[in-house]
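Summary of the model geometry
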Amino acid sequence: MSQQPYPFKEIESTVQRLWKEHHSFRTEINPDKPKFYCLEMFPYPSGRIHMGHVRNYSIGDALARYKRMRGYNILHPMGWDAFGLPAENAAISRNIPPATWTTDNIAHMKEQLQKLGLSYDWDREVATCLPEYYRWNQWMFLKFLERGLAYKKGGLLNWCDQCATVLANEQVEEGLCWRCKSPVELRSLEQWYLKITDYAKELHDTLDDLSGWPEKVRTMQANWIGPSGGTRINFSIIGHPGHLTVFTTRPDTLFGVTFVTIAPEHEELKTLLSSSPVREKAEAFIHETLHKRAAERNMEVTEKEGMDSGIRLLHPLTGEEVALWIGNFVVAGYGTGVVMGVPAHDTRDFEFARKYGIPVKPVISNPQATSIGNPEEAWTGSGTLMDSGIFSGLSNEEGKQAITRHLEEKGLGQSVTTYRLRDWGISRQRYWGTPIPVIYCPSCGMVPVPESELPVLLPRNVSLSGKGGSPLAEHPEFLHVKCPKCGGDSRRETDTMDTFIDSSWYFLRFTDPTNDTLPFSRQNASHWMPVDQYVGGVEHAILHLLYARFFTKVLNDIGLSPVREPFKALLTQGMVLKDGSKMSKSKGNVVDPDMLIDRYGADTVRLFTLFSAPPDKDLAWDDKAVEGAFRFLGRLSQKAHDLLAQGPMDIVPGELLSPALRLVRTKIHETIQDVSRDLAGDAQMNTAIARLMELLNTLSGVDPQTGDAERRVLHEGLVTMATLLSPFAPHLAQHLWSQLGQKGMVADTAWPSVDPEALKRDVVAFVVQVNGKLRATLMLPPATGEDELRENALGDERIQRTLEGLVIKKVVYVPGKLLNIVAGPA
RNA sequence: GCCGGAGUGGCGAAAUAGGCAGACGCAAGGGACUUAAAAUCCCUCGGCCGCAAGGCCAUACCGGUUCGAUCCCGGUCUCCGGCACCA
């Protein structure tokens, strides 16, 4: 038998042509089959695919192909998250229009993906930068506006000077811009928000129902939304009508309040200060604090600073006068932006009180305190209320409830749940995004663009300087427009939308990608939604997945989306590492997928990325280890060649096989069983592939030259191998399938089923232990009973030697598996 | 600080209704074929002791439950990830 090369290039191009001719992966709704929507996170068209993409899409494709063979009607689409900053940067540095840069990148990356042989229905391809897509962003924005879920507000915002744009809180990482890593500062600007906080409770509470999501991601989202149960308490203001409201999780410490602190940027502060004796000083302090804060954003914890505002409040229960301080440590956007200061029972308040000489009043007994008098630190544990009027003597848990109830009865407070989550700022002063469909009229004010005038097209001929400000404001034909209401001269909104909007509903568009009257029809979405399996990087665990859930809920509320949760199951794949860190251009440790495909073929690259680590773990790239996958496919290809070199053969039903060949058949069917089990549960593709390697190891012991029986068993083994391998290395699988005389496409073949006869073994290995330690393995029929097994074990020389001088005290028997003899000295 | 997750050979990793620890692959060593190399094939491959048969130790560490623990329970250490002046 001659040794043959593994002609992967020829195989892969032939098979890819075959798929194209057969339209193998075109999606058609088939009501006779259960549906399965398999989706991988669509890429940003940066120019070239990287190993992270290869891994993401290899995992998704294996699942889609497996489900297809399991008889599901598959939706497996792909598209492009095509708006974003890099296109503008490329335009500035290389003088190419963003649209051209993006389109070229898409063309190139599509070619790369096609070389991998992924089973996408390319007829459903979408690109978010096309008007056919982004007009629906605008349409949805108008729906949000109608429902009061989009609003414009001024305020201090995170500003990245480098990118010349506003960033959402979610896009600030340790004080740095998530994209360019330069420091973020605060700027006062007006911008559009989406009211995601209206959905905070549902987004949080329904996380429990997402049983197909990794625990890790659910926890991350829960922490991000950050619910916190507490009480709002009103403090009236001396010399002013109304009151200031604080939020606290410790109403039990209310009697320990010795001051109240307000955030420097709090909306009411300016008005209150008008009557303050230290107004000018306070305003200077506020100004200084806010600027310092922006500059020090990326520092760990800023030193606590504050000043007495001169304003005085009244304690709601004791009626005592309490000073209102302005403090740099109070977060304006959380709770009410005002906190009560209880230095005796809060470490921050304690630190602050010490620094400024504010009294400390303990109201919760500390069982660990060594002396009465001025404590050395805040006691934040539990204890009994003291010096708390009628509440003294209660435990602090009782105190929380009693004080809150009391405040509620008197109309001085209420029990509430606050969330850390804040509204989503979506305005961007950038060009390459969806124009916000709003017009400003001098007489009518803000006027939404009428639905019939959508899309508001993004003009092509815009000059980009990168110098800040919105580029669309420099484009007169875009900017100047007549008011839709009164026809007067007006201006368009020149901000564009955050690109996270684009990816917040693309999975719905895939169910109906060419619809030109709606973003998608409810009928098509009802058939395919929810996404049964979503696959992507864990870096999107919070932002993208939260926004997508939010959009799906809103679209459900307006009657469009048939579901409230978009993704039934989520698989977050690990990163691809090289030399211990993530592959990146800046580290110079990238491995180019094209080069690998050229050298080893797509099947090898796919197989290796799936084999080398479980999908959810990080994958350490190893150039040498790739060759293991390549060798496996080469040996498999060789084995098929060896068999076919023997010419055609007849099938003999019910043929009696030699014991050795029966064991080979057992292995074939065990492999079917094991691979099926690996893929059915948590997508253990690495072990599934290991089993296929084991099967080939077994098959390589069968020589087709020996006889017809050998050839027939080998044929069964290789046909089985082709079907089981098809999700992972689809080109070679199809090639073997055809070579072995099978009809049609292996991708459309039913997943093989186990022959229970083949699984039966004459003998199995029984483990014999003495005191829990393995001392012998006995090959006996699987049905061997306890007495018989015991007899055999005691007849074994090694067991006898071990038991010498010992008395048997007990024997444990596990049917079909094990015997443990417990023995000890007499 | 709070919340998650993970610690198994030289390396990537297997194995848990508690029952042979290290499947599969990489690397390494030895051998066959070859003028030679590549490719391929065969053997060895957690540590220690032993000529061998075999024995002892070993799943981060300490302890517990059990006939039996990588798996369950309690404690300790380390690493990774997320959030963080959130009241």
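Above: the structure in question.
Predicted, not measured: the structure shown is a model, and the values here were computed from it. (Residues numbered from 1 in each chain as written. Chains lettered and ligands numbered in written order. Predicted model: local features only at pLDDT ≥ 70, side-chain atom pairs only at ≥ 80, totals over all residues. Heavy atoms only, no water.)

Considering the overall build of chain A
Applied cut-off: The helix and strand labels rest on DSSP assignments: H or I over at least four residues marks a helix, E over at least two residues marks a strand, and numbering proceeds from the N terminus. Exposure is judged per residue with a 1.4 Å probe applied to protein chains only, and the accessible area is read against the type maximum: over 50% gives exposed, under 20% gives buried, and values in between give partly exposed. In this analysis, two residues are considered to be in contact whenever any of their non-hydrogen atoms come within 4.5 Å of each other. Every accessible area reported is derived by Shrake-Rupley at a probe size of 1.4 Å, with residue values counting cover from the shown protein chains alone. Counted as positive: Lys and Arg. Counted as negative: Asp and Glu, with His and the chain ends omitted from the count. Note on charges: their place is set at NZ of Lys, CZ of Arg, CG of Asp or CD of Glu.
Within chain A, the regular secondary structure consists of 25 helices and 32 strands. C-alpha atoms of chain A, sized along the principal axes, occupy 105 × 90 × 50 Å. Here chain A, with 826 residues, has 53% of them falling under the buried criterion. Residue pairs at least 24 apart in sequence account for 72% of intrachain contacts in chain A once pairs closer than 6 positions are excluded. Summed over its atoms, the accessible surface of chain A is roughly 37,100 Å², and 50% of this surface lies on carbon and sulfur atoms. Across chain A, the mean location of the 90 positive side-chain charges is 1 Å away from that of the 101 negative side-chain charges.

Describing helix α1 (residues 8-22)
The cut-off we apply is this: Under the convention used throughout, the expected extent of a helix is 1.5 Å for every residue step, that is, one less than its residue count. It is the directions from the helix axis to the C-beta atoms whose arc is reported.
The first and last C-alpha atoms of α1 sit 21 Å apart over 15 residues, in line with the 21 Å expected at 1.5 Å per residue. For α1, every residue scored as buried is listed here: F8, I11, E12, V15 and W19. Buried residues in α1, looked at end-on, bunch into an arc of 95 degrees, giving them a common side. α1 presents E10, K20 and E21 as exposed residues on the side facing more than 90 degrees away from its buried surface. Where α1 is buried, its residues contact α2 (51-69), α16 (593-600), α17 (602-611), α18 (623-644) and α22 (730-739). Looking at the residues trailing α1, positive phi occurs at H23, about 50 degrees.

Notes on the pattern of salt bridges
Operational definition: Any carboxyl oxygen of Asp or Glu within 4 Å of a side-chain nitrogen of Lys or Arg constitutes a salt bridge here.
Taken as a whole, this structure holds 40 salt bridges when the rule is applied. Salt-bridge contacts for E125 lead to K110; the nearest nitrogen and oxygen are separated by 2.7 Å. Here E125 is found in the loop between α4 (98-115) and β4 (126-127), whereas its partner K110 is found in helix α4, with 15 residues between them in sequence. A salt bridge links E670 to R761; the nearest nitrogen and oxygen atoms lie 3.0 Å apart. Of this pair, E670 sits in helix α19 (residues 659-680) while R761 sits in the loop between α23 (756-759) and β29 (764-770), and the two are 91 residues apart along the sequence. Connected through salt bridges with shared partners, the residues E202, R549, K553, D557, R564 and E565 form a single ionic network.

Description of the protein's contact with RNA strand B
Filter applied, for reference: The criterion for a residue being near a molecule or strand is simple. One of its heavy atoms has to lie within 4 Å of it. We define a polar contact as two N or O atoms separated by no more than 3.5 Å, with the added condition that, inside protein, one atom must be a possible hydrogen donor and the other a possible acceptor, whereas residues neighbouring each other in sequence contribute only through side-chain atom pairs. Ten residue types, Ala, Val, Leu, Ile, Met, Phe, Trp, Tyr, Cys and Pro, are classed as nonpolar, four, Asp, Glu, Lys and Arg, as charged, and the remainder, Gly among them, as polar.
Around RNA strand B, the structure places 54 residues, and the nearest of them are T249, K304, R348, S612 and N820. In the interface set of RNA strand B, defined as its atoms within 4 Å of the protein, sugar plus phosphate atoms amount to 67%. Within the contact set of RNA strand B, a phosphate oxygen lies 2.9 Å away from a side-chain nitrogen or oxygen of R420. Looking at the surface near RNA strand B, the elements with two or more residues in it are α7 (215-225), β11 (243-248), α18, α20 (685-699), β29, β30 (773-780), β31 (806-814) and β32 (818-825). Among the residues making up the surface near RNA strand B, the classes are represented as 21 nonpolar, 15 polar and 18 charged.

Considering the packing of aromatic side chains
Note the following rule: Any Phe, Tyr or Trp ring, taking Trp's six-membered ring, that has another such ring centre within 6.5 Å forms a pair; planes under 30 degrees apart are called stacked, those over 60 apart edge-to-face, and the others tilted. Comment: the charge-over-ring label is applied if NZ (Lys) or CZ (Arg) is within 6 Å of the ring centre and within 35 degrees of the ring normal.
Inspection of the entire model under this criterion finds 37 aromatic pairs. A ring pair is formed by Y120 and W122, whose centres lie 5.6 Å apart and whose planes are at 80 degrees; its orientation type is edge-to-face. For the residue pair Y120 and W122, the accessibility class agrees, reading buried in each case. Aromatic ring contacts, followed pair by pair, group F144, Y199, W424, F500, Y547, F550 and F551 into a single cluster. The positively charged end of R135 is found above the aromatic ring belonging to W136, 4.5 Å away from the centroid. Over the ring of Y193 we find K153, and its NZ or CZ is 5.1 Å from the ring centre.

Quick look at the sheet that holds β31
For the record, the criterion: Two strands form a pair only when DSSP identifies at least two bridges running between them. Axis definition: a line fitted to C-alpha atoms, limited for helices to the stretch in contact. Angles are taken between N-to-C directions and run from 0 to 180 degrees.
A sheet is described by the order of its strands in space; here four strands give the open sequence β30-β29-β32-β31, paired in mixed fashion. Two strands in the sheet have a free side with no partner beyond their single neighbour: β30 and β31. Going from strand to strand, the sheet's axes swing by 20 degrees on average, the running direction of each strand aside. When β29 meets β32, the two strands line up parallel, connected through four bridges. In the sheet register, Q769 faces β32, and the bridge partner there is N820. Most of the contacts of helix α24 (residues 786-794) go to β31, to which it runs at about 135 degrees, and overall it touches β29, β30, β31 and β32.

Points about the pairing of strand β19 (residues 438-441)
Relative to strand β20 (residues 445-448), β19 runs antiparallel, the two sharing four bridges. From the neighbouring strand, V438 faces β20, where its bridge partner is P448. Connecting β19 to the antiparallel partner β20 that follows it, the hairpin turn spans three residues.

Focus: the sheet that holds strand β5 (residues 150-160)
Across the sheet, which stays open at both edges, the four strands sit in the order β6-β5-β9-β17 with antiparallel pairing between neighbours. In this open sheet, the two strands that pair with only one neighbour each are β6 (165-167) and β17 (424-425). In terms of strand pairing, β5 meets strand β9 (residues 184-194) through eleven bridges, oriented antiparallel. Residue pairing across strands places N158 opposite L186, the latter belonging to β9.

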